[in-house]
Amino acid sequence: MILLTGATGNIGRELNRELATAGVEYRMLVRDPARASDPPAPAQRYLGDLDDPAALTGALDGVTALFLLVPGVGIDHTRHAVKSAQQAGVGRIVLLSSFHAAGDPVPPMGRWHREREELVLASGIPATIVRPGGLMSNALEWAPAIRAGEPILDPTGPGRFAPIDPADIAAVAARALTEPDHLPATHALTGAESLTCAEQVAILARILGRTLEIRGTSTPEEAVRARFPNGAPPALAAAILESFTQMRSDTVGLRTDSVTELLGRPPRTFAQWCEAHRDAFV
């Protein structure tokens, strides 16, 4: 039995598909039953929250492997999950972290990810750490502007990164959850193409068959305000601000071959992701 946290998000939904297609028995920890009202067979649904250690105890009953995706900032959720996993005798943990955690020094965006990694690795439970770079699904943030005929905000200018399809992350996570030869390990995952924001927009425009305009930002602070018009928690805002600043200065972009090595195929391209999610932008 596998327990999935974060089962209804961009990566979690893809991991659901991977495990269901493989016929693997698993359980989803969900806070909102409306978001997982009809889990695919052979999945189970368990209502609970990472804030509630008692709910975790029930959710982890009989579980042999835990996929841990922790939202937001801080480490309390991870601490609760690790303690409950130890008590339940869980045999392995696959932690979704971030490539930001590999920095030296660790930037603010990666600090809580690194702390979560350290908690998991100190637990005594065999663990796989998955460190993806930027997600292709972040482009969904452009959908409201596209539908409204407004320019897409470009916060990173000349900066490049190699976005990865959440489905590729899920495929790696599924293997780590079900195949013991992945333990212990740390996988840095990216797509194969280092792209600027403008290049991603151009690819999406081609897929949609329409012209998409881009509006650059004068400062990273403006980009943070645009993403969180109602304000963001100070720690998160500071982390995003520094992340945008660093991304603008990186004109090469981190790229790894880990997806190809682990899955025996190249990662999906941004064009393929756009084709698969075309309806989200129209």
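Up top is the structure.
Residues numbered from 1 in each chain as written. Predicted model: local features only at pLDDT ≥ 70, side-chain atom pairs only at ≥ 80, totals over all residues. Heavy atoms only, no water.

Engineer: Break down helix α7 (residues 197-208) for me, citing the residues and quoting the values.
Structural biologist: Look at α7: 16 Å from first C-alpha to last across 12 residues, which is about the 16 Å you get at 1.5 Å a residue. Restricting attention to buried positions, one finds in α7 the residues Cys197, Gln200, Val201, Ile203, Leu204, Ala205, Ile207 and Leu208. Its buried side turned inward, α7 meets α5 (143-147), β7 (152-154), β9 (214-216) and α11 (270-276). (Helix = DSSP H or I, 4+ residues; strand = E, 2+ residues; numbered from the N terminus. Expected span 1.5 Å × (residues − 1). Buried < 20%, exposed > 50% of the residue type's maximum accessible area, 1.4 Å probe, protein only. Contact = heavy atoms within 4.5 Å.)

Engineer: So, helix α6 (residues 166-178): which residues are in play, and what are the values?
Structural biologist: Here α6 spans 18 Å end to end across 13 residues, near enough to the 18 Å set by a 1.5 Å rise per residue. For α6, the buried fraction is high: 11 of the 13 residues fall into the buried class. All buried positions along α6 are accounted for by Pro166, Ala167, Asp168, Ile169, Ala170, Ala171, Val172, Ala173, Ala174, Ala176 and Leu177. Where α6 begins, one side-chain oxygen reaches toward the backbone nitrogen of Ala167, 2.8 Å away; that side chain belongs to Asp165. (Polar contact = N/O pair within 3.5 Å; in protein donor to acceptor, adjacent residues only side chain to side chain.)

Engineer: For the nonpolar core, give the residues involved together with the corresponding values.
Structural biologist: Counting 30 residues, the largest nonpolar core has Leu4, Leu15 and Phe67 as the members making the most contacts within it. Of all the elements in the fold, those that place two or more residues in this core are β1 (2-4), α1 (10-22), β2 (26-30), β4 (65-68), β5 (92-96), α6 and α10 (258-263). A per-element tally of this core places α6 first, with 7 residues. Among residues more than four places away in sequence, those in contact with Phe67 are Leu3, Leu4, Thr5, Ile11, Leu15, Val94, Leu96, Ala173 and Leu177. (Core = buried A, V, L, I, M, F, W, Y, C linked by side-chain atoms within 4.5 Å.)

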